Amino acid sequence: MKKQLAPSAKAFLIRGAFYLLLLASVATTLFALGQRYNRKQNTLTFAQRVAYQRAIEEVYSRHRIWPKGNATAKPSLDAIMSQATPEKKVADYLCKSKALQDCWQNPITSEELQGEMDRMAQHTRHPAMLRELFHALGDDPFVVAECLARPILAQRVTAEPSVQLKTKGLPSPCIDGVGIASTATPLRNAVYHLPTISAEGPSCSEDTWTAITTTNAPAARASHTAIWTGSEMIVWGGYGENYLNTGGRYEASTDSWIAVSTVNAPAVRAGHTAVWTGTEMIIWGGDDGQGLNTGARYNPAADTWTPTSTINAPPGRLFHAAVWSGSEMIVWGGWSHVELNSGGRYDPHTDSWTATSTINAPTARFNHSAVWAGSEMIVWGGWNGLDHFNTGGRYNPSTDSWTATSTTAAPSGRKFHTAKWTDAEMIVWGGDDGSNLGLNSGGRYNPGTDSWMVTSSANAPAARFSHTAVWTGSDIIVWGGTNGLQQFNTGGKYNPTTDNWMPTTTTNPPEQRAYQTAVWSGSDMIVWGGLNDIAPFYLNTGGRYCAQSGVTPTPTPGKSCLVEQVTPCDTQVSIAPVDFTVQMSCSVDLVQSSGFMVNNIGPSSFEVSNNTITFHYDTSPAVPGLNTIHILFDAIFCCSGSPSNEFTCTFNYTAATPSPTPRSTPTPRPRPVPRPRP
């Protein structure tokens, strides 16, 4: 839930007497919209930049996925990001801007900043989120240029080889201590316009490919990892002529890459695993010439690494599997000179390991798959260097026990296959059975009945292994891979409800590859990296394949989910409201409260009654003057699962001047009546 920004700004401004003085004049208006933002035109202080950076981080944090199995509530941004983090990020992009201008004679121009804003709006794959970012910056084109476009440009330009060549032997203002105040001067005479972001509705066209930018992308690689946070794709590690410990964050909202910090990052490796916890990416294991039992937790909000403990950690390994259970990372199997059937559970809150039982565990193996099924980890397939397995096991961390999976009607033994959990069953497909030609068969495993069903092979993609797969909410999408003779740039969508395959388009796909990664963003599959048998072999390219999720129920014919009325829109109030009522066109199915904002502040709670939603604030977000209510696209679902329209309205708040209470004429006190004496 979005928190009020002004108090957070105080935490930053309190660092010195200057910030305290500044707070008195700007804190109450810092996050208002353009009409209400009280600053001198085309000027930004360092403190203002820091506060705007904090607003940007709040948007990213709000969109980061909190996994279903997590037992605790999603923490606030303040709990996962220190006060110094936005200050550091602002100082970094200002220092890079200063260096480009003073040392490398390559200043960032206003035309470049406007061009970057235009590029974001044109190429965004998450238009609703980009609107939120613009809105968090007051929909002020100058602030968007300086606080959203400049950081991206500064990192991109300083990473260019031509600029890197010029830096040799030159001092860096960031290193040599040039004061922050001297770097905080924007282009005062620049005039910007806020670009139009693509229209509402799906952010892409069904069954289409779009290339993702390679500007500032990580170095080419394969056997790396990638996770989707809800805001960005994070890729890390892998092999590309050498083992790597670098990575990057691809932000779909701005179609841009940001390098992942290497400070305290794990050692170089490939063949490792990565899981997303809701606040951190955990990297573990892998190979740098030998199996590793080290790892680290990466916090994208702070761009920081924290090593994982090695006390009681499983022995080093690669080609293992890992899942996130909601509270622990569970790793199992793998290879380290010999195949393994051991594992461990890592708790990031205590930075501690607990060994998994080996009693009734599956046979030792590697290149297997694992999925988290809500209460247990399901391991299946793999090989031991000789035999290919069609066996597996279900591991229950609550009881530290294993239960074998049935082999009746199970797919044939294989390695290098994919497995995805659909919320009801595990679907495995493809892989290699030792022929090195690949398979195009698969199966659906139901842990509730311990039974298998064969997946249809009609219209299935060509046999392959080392491909990727994602679950969209309705379909499995497989893509890429190899059959040992060639790599593929083809794929297919499998619908388990109909047991049917549909091919993915072959128009404008990324070049053929295997050992790539793929993540599902909610609207498209993002493919990146991998290995091709045609030079340059290792790749740092990728693409976004659009396949709208089918998780949303079909809307009732003739009914549209519309915001009909919001109270107190288009009115003037004299009492700061704490409750806001939203009237929808029909019965409400789902509410994502972070999508309702008053002056960019989310509610404390909400209640639903048929087609009415009441959003409650513990403290009123209203400010004197004009106030804006903003409901994001798909913040509310109604009419049997249809997403709502985006809605914006305003109201005026003028605090009533209290009238003096008239003094009442006192009523004379009755005189006591004397009681008669006895």
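Above this note sits the structure.
Residues numbered from 1 in each chain as written. Predicted model: local features only at pLDDT ≥ 70, side-chain atom pairs only at ≥ 80, totals over all residues. Heavy atoms only, no water.

### Structural notes on the sheet that holds strand S27 (residues 524–528)
Inference 1: The strand order across the open sheet built from four strands is S1-S28-S27-S26, with neighbouring strands paired in antiparallel fashion. Edge positions in the open sheet fall to strand S1 (208–211) and strand S26 (517–520), since each of these has one partner strand only. Averaged over all adjacent pairs, the angle separating strand axes in this sheet is 20 degrees, with direction ignored.
Inference 2: Taken together, the four bridges between S26 and S27 define a ladder with antiparallel strand orientation. Bridge pairing in S27 links valine 519 to isoleucine 526. (Pairing = 2+ DSSP bridges. Helix = DSSP H or I, 4+ residues; strand = E, 2+ residues; numbered from the N terminus. Axes fitted to C-alpha atoms, helices over the stretch in contact; angles between N-to-C directions.)

### Details of the side chain of arginine 317
Inference 1: Turning to its location among the elements, arginine 317 is positioned in the loop between strand S9 (304–307) and strand S10 (321–324).
Inference 2: Within the buried core, arginine 317 has no salt-bridge partner, and the shortest N-O distance to an opposite charge, that of glutamate 339, equals 12 Å.
Inference 3: Looking at arginine 317, its side chain comes within polar contact range of the main-chain oxygen of proline 315, at 3.0 Å.
Inference 4: Apart from the residues lying within four places of it in its own chain, the contact partners of arginine 317 are Trp284, Gly285, Gly286, Gly291, Leu292, Trp332, Gly333, Trp335, Ser336, Leu340, Ser342 and Gly343. (Buried < 20%, exposed > 50% of the residue type's maximum accessible area, 1.4 Å probe, protein only. Lys, Arg positive; Asp, Glu negative; His and termini not counted. Salt bridge = Lys/Arg side-chain N within 4 Å of Asp/Glu carboxyl O. Polar contact = N/O pair within 3.5 Å; in protein donor to acceptor, adjacent residues only side chain to side chain. Contact = heavy atoms within 4.5 Å.)

### What about unusual backbone geometry?
Negative phi is the rule for most residues except glycine; trans is the rule for most peptide bonds.
Inference 1: A cis amide bond links threonine 567 to the next residue, proline 568, at an omega of 25 degrees.
Inference 2: For proline 568, the location among the structural elements is in the loop between strand S29 (563–567) and strand S30 (572–573).
Inference 3: One non-glycine residue, glutamate 241, lies in the positive phi region at around 75 degrees.
Inference 4: Of note in the backbone geometry, aspartate 499 takes a positive phi value of approximately 55 degrees without being a glycine.

### Observations concerning the pairing of strand S8 (residues 295–299)
The side chains of a regular strand alternate between the sheet's two faces.
Inference 1: For S8, a buried count of five out of five residues is recorded, marking the element as mostly surrounded by other parts of the structure.
Inference 2: Alignment of strand S7 (residues 281–284) against S8, held across four bridges, turns out to be antiparallel. Counted as the bridge partner of isoleucine 283 is alanine 296 from S8.
Inference 3: Between the antiparallel neighbours S8 and S9 lie four residues, among them aspartate 303 with a positive phi of about 55 degrees.

### Topic: the sheet that holds strand S11 (residues 329–332)
Inference 1: Pairing in this open sheet of four strands is antiparallel, and the strands run S10-S11-S12-S13 from one edge to the other. Each having just a single partner strand, S10 and strand S13 (352–355) make up the two edges of the open sheet. Put simply, the sheet's adjacent strands are angled 20 degrees from each other on average, direction ignored.
Inference 2: Here four bridges tie S11 to strand S12 (residues 343–347), and the two strands are oriented antiparallel to one another. The residue of S12 that forms the bridge with valine 331 is glycine 344.

### What to know about helix H7 (residues 127–136)
Inference 1: For H7, the tally of buried residues reaches ten of ten residues, placing the bulk of the element in the interior.
Inference 2: Residues of H7 that are buried include every one of Pro127, Ala128, Met129, Leu130, Arg131, Glu132, Leu133, Phe134, His135 and Ala136, and no others.
Inference 3: Residues of H7 that are buried make contact with helix H3 (46–63), helix H6 (110–123), helix H8 (141–158) and strand S36 (625–631).
Inference 4: Remark: glycine 138 follows H7 within two positions and exhibits a positive phi of approximately 75 degrees.

### Let's talk about the pairing of strand S17 (residues 401–404)
Inference 1: Direction of pairing for strand S16 (residues 392–396) relative to S17: antiparallel, over a ladder of four bridges. The residue of S17 that forms the bridge with asparagine 396 is serine 401.
Inference 2: Counting the residues in the hairpin turn of S16 and S17 gives four residues, including aspartate 400, whose phi is positive at 50 degrees.

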